[in-house]
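Descriptive analysis of the structure
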Amino acid sequence: MAQTQQIGQQTERLGPFVAVDPVVDRMRSLRSAWHPADGVAVFNRVYLTVTEEIGHAIAAGTFADRRAAATLDVRFAERYLAAVDAAATGCPAPACWRPLFHYRRHPGVRPLQFALAGINAHIGHDLALAVVDTCRILECSPADIEDEFDRVGDILVLLEERIREELMPGPDLLEIADPLTHLLGCWSLDRARDGAWLAARSLWQLRGLPDLAAEFTERLDRSVGLVGRMLLTPLTRP
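The following refers to the structure shown. For every chain, the first residue of the written sequence is number 1, and numbering continues from 1 onward in sequence order. Since the coordinates come from a predicted model, pLDDT governs what is reported: local features require at least 70, and pairs of side-chain atoms require 80 or more to be given and counted, while whole-chain, interface and lining totals use all residues. Only hydrogens and water are set aside; all other atoms, that is, all heavy atoms of the structure, feed into the side-chain values.

1. A word on the nonpolar core
We count it as follows: Here the nonpolar core consists of buried residues drawn from Ala, Val, Leu, Ile, Met, Phe, Trp, Tyr and Cys, with membership extended through side-chain atoms lying within 4.5 Å. Three exposure classes are used, based on accessible area relative to the maximum for each residue type with a 1.4 Å probe and protein chains only: buried under 20%, partly exposed in between, and exposed over 50%. Only DSSP runs of H or I covering at least 4 residues are called helices, and only runs of E covering at least 2 are called strands; the numbering of each starts at the N terminus. The contact criterion used throughout is that any non-hydrogen atoms of two residues lie within 4.5 Å.
Grouped together as the largest cluster of nonpolar side chains are 78 residues, with contacts concentrated most on Tyr80, Trp97, Ile119 and Ile123. Among the elements of the structure, helix 2 (21-33), helix 3 (39-59), helix 4 (66-88), helix 5 (98-103), helix 6 (111-138), helix 7 (146-167), helix 9 (189-205) and helix 10 (210-231) are those that each provide at least two residues to this core. Here the element with the most residues in this core is helix 6; it accounts for 16 residues. Not counting residues within four places of it along the chain, the set of residues in contact with Ile123 comprises Phe76, Ala128, Leu156, Leu189, Ala192, Arg193 and Ala196.

Here it is in structure tokens:
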């Protein structure tokens with residue numbers, strides 16, 4: 001947890017061009033520390049790739065508001081890193097992340113499932129909270145950073161495509177009867193992104209009602225965790 005807090009303090013002092021560097025460095029260190037077959041490592045690899053791409057896009061001026069894009073990207077990544085820190089120290093991670101940490105070494109779960117379960121937790125829960133975090137820091141409303149949200153979402157769509165290309169079994173292996181085919185059809189990144197935006201707007205409207213906001217966040221966390229548990233259903237025998 002201390003490492004994640006330190007990253008947040010560092011990024012507040014950095015400009016938009018290098019603001020993502022601390023979170024990228026942290027994910028690279030995790031990649032080196034974890035076994036490649038570890039389920040969380042599978043997600044970390046693909047998420048590292050997209051975070052690097054967002055950093056390059058910010059530096060290249062792709063985003064109209066680079067400060068907003070960098071803040072959103074860093075706050076988004078910090079939510080994942082905080083879950084990693086919690087799991088490493090034995091503290092309870094958010095419910096949306098618990099299935100991935102619990103099943104990370106299960107031999108019956110395929111790499112594609114690990115990656116999608118991580119994306120589900122990160123987009124379904126963390127992205128909405130990161131939008132609210134960003135608005136509080138920048139003293140703006142979600143509508144003011146909608147363009148940055150949409151652009152980050154477009155890059156996340158590329159992430160999903162890359163995951164499917166790299167981790168999906170070949171056509172000769174993935175037949176229509178394969179349970180993975182049906183599992184993949186039950187989850188959509190576009191729907192998850194739309195849900196995250198709606199949740200962010202709802203939480204922003206509830207910011208003056210802390211008890212209701214906390215209840216909303218808890219229910220969101222649990223519902224996303226339930227989907228993650230389904231995505232991690234073992235499909236092969238250990």
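2. A few points about the pattern of salt bridges
Put simply, the rule reads: By salt bridge we mean one thing: a side-chain nitrogen of Lys or Arg within 4 Å of a carboxyl oxygen of Asp or Glu.
Applying the stated criterion across every chain, the model contains 11 salt bridges. Residue Asp38 is joined to Arg105 by a salt bridge in which the shortest nitrogen-to-oxygen separation is 3.6 Å. Of this pair, Asp38 sits in the loop between helix 2 and helix 3 while Arg105 sits in the loop between helix 5 and helix 6, and the two are 67 residues apart along the sequence. With relative accessibility at 6%, the residue Asp38 sits in the buried group.

3. Focus on the packing of aromatic side chains
Describing an aromatic ring pair means giving the distance of the ring centres and the angle of the ring planes. Heads up, the condition is: In this analysis, rings of Phe, Tyr and Trp, with Trp reduced to its six-membered ring, are considered paired at centre separations within 6.5 Å, and the interplanar angle assigns stacked below 30 degrees, edge-to-face beyond 60, and tilted for intermediate values. Two thresholds decide whether a charge sits over a ring: the Lys NZ or Arg CZ must be within 6 Å of the ring centre and within 35 degrees of the ring normal.
Counting across every chain of the model gives eight aromatic pairs. Ring centres of Tyr47 and Tyr80 lie 5.7 Å apart, and the angle between their planes is 85°; this geometry places the pair in the edge-to-face category. Placement of Tyr47 in helix 3 and of Tyr80 in helix 4 is noted, with a sequence separation of 33 residues between them. Here Tyr47 matches Tyr80 in class, with each residue buried. Cluster of aromatic residues (ring-pair linked, three or more members): Phe43, Tyr47, Phe76, Tyr80, Trp97 and Phe101. We note Arg104 situated over the ring of Trp34; from NZ or CZ to the ring centre the distance is 5.2 Å.

4. Focus on helix 4
In plain terms, the rule: Here, expected helix span is obtained from the residue count minus one, scaled by 1.5 Å. Polar contact is defined as a pair of N or O atoms within 3.5 Å, subject to the rule that within protein one atom must be able to donate a hydrogen and the other to accept it, and that residues adjacent in sequence are counted only when both atoms are side-chain atoms.
An ideal rise of 1.5 Å per residue puts 33 Å on 23 residues; helix 4 measures up with 33 Å between its terminal C-alpha atoms. Sitting at the head of helix 4, Asp65 places a side-chain oxygen 3.3 Å from the backbone nitrogen of Arg67. Gly90, located one to two residues past helix 4, shows a positive phi value of around 80°.

5. Some remarks on unusual backbone geometry
Note: most peptide bonds trans; most residues except glycine with negative phi. The phi angle at Glu139 is positive, at roughly 55°, despite the residue not being glycine. Within the secondary structure layout, Glu139 lies in the loop between helix 6 and helix 7. Residue classification places Glu139 among the exposed positions, given a relative accessible area of 74%.

6. Focus: the packing of helix 2 against helix 3
Where we set the bar: Working convention: axes come from line fits to C-alpha atoms, limited for helices to the stretch in contact. Angles between N-to-C directions cover 0 to 180 degrees. Relative orientations are named as follows: roughly parallel for angles under 35 degrees, roughly antiparallel for angles over 145 degrees, roughly perpendicular for angles from 65 to 115 degrees, and oblique for any other angle. Here a crossing is called left-handed whenever its near helix is offset anticlockwise from the far helix by less than a right angle, and right-handed whenever the offset is clockwise. Throughout, the ten residues Ala, Val, Leu, Ile, Met, Phe, Trp, Tyr, Cys and Pro are labelled nonpolar, Asp, Glu, Lys and Arg are labelled charged, and all others, Gly among them, are labelled polar.
At a minimum axis separation of 10 Å, helix 2 and helix 3 run at an interaxial angle of 155°. Relative to helix 3, helix 2 is oriented roughly antiparallel. Between helix 2 and helix 3 lies a crossing of left-handed hand. For the pair formed by helix 2 and helix 3, the contact residues are Val23, Val24, Met27, Arg28, Leu30 and Arg31 on the first element and Asn44, Arg45, Tyr47, Leu48, Thr51 and Glu52 on the second. Residue composition of the contact of helix 2 with helix 3, grouped by class: six nonpolar, two polar and four charged.

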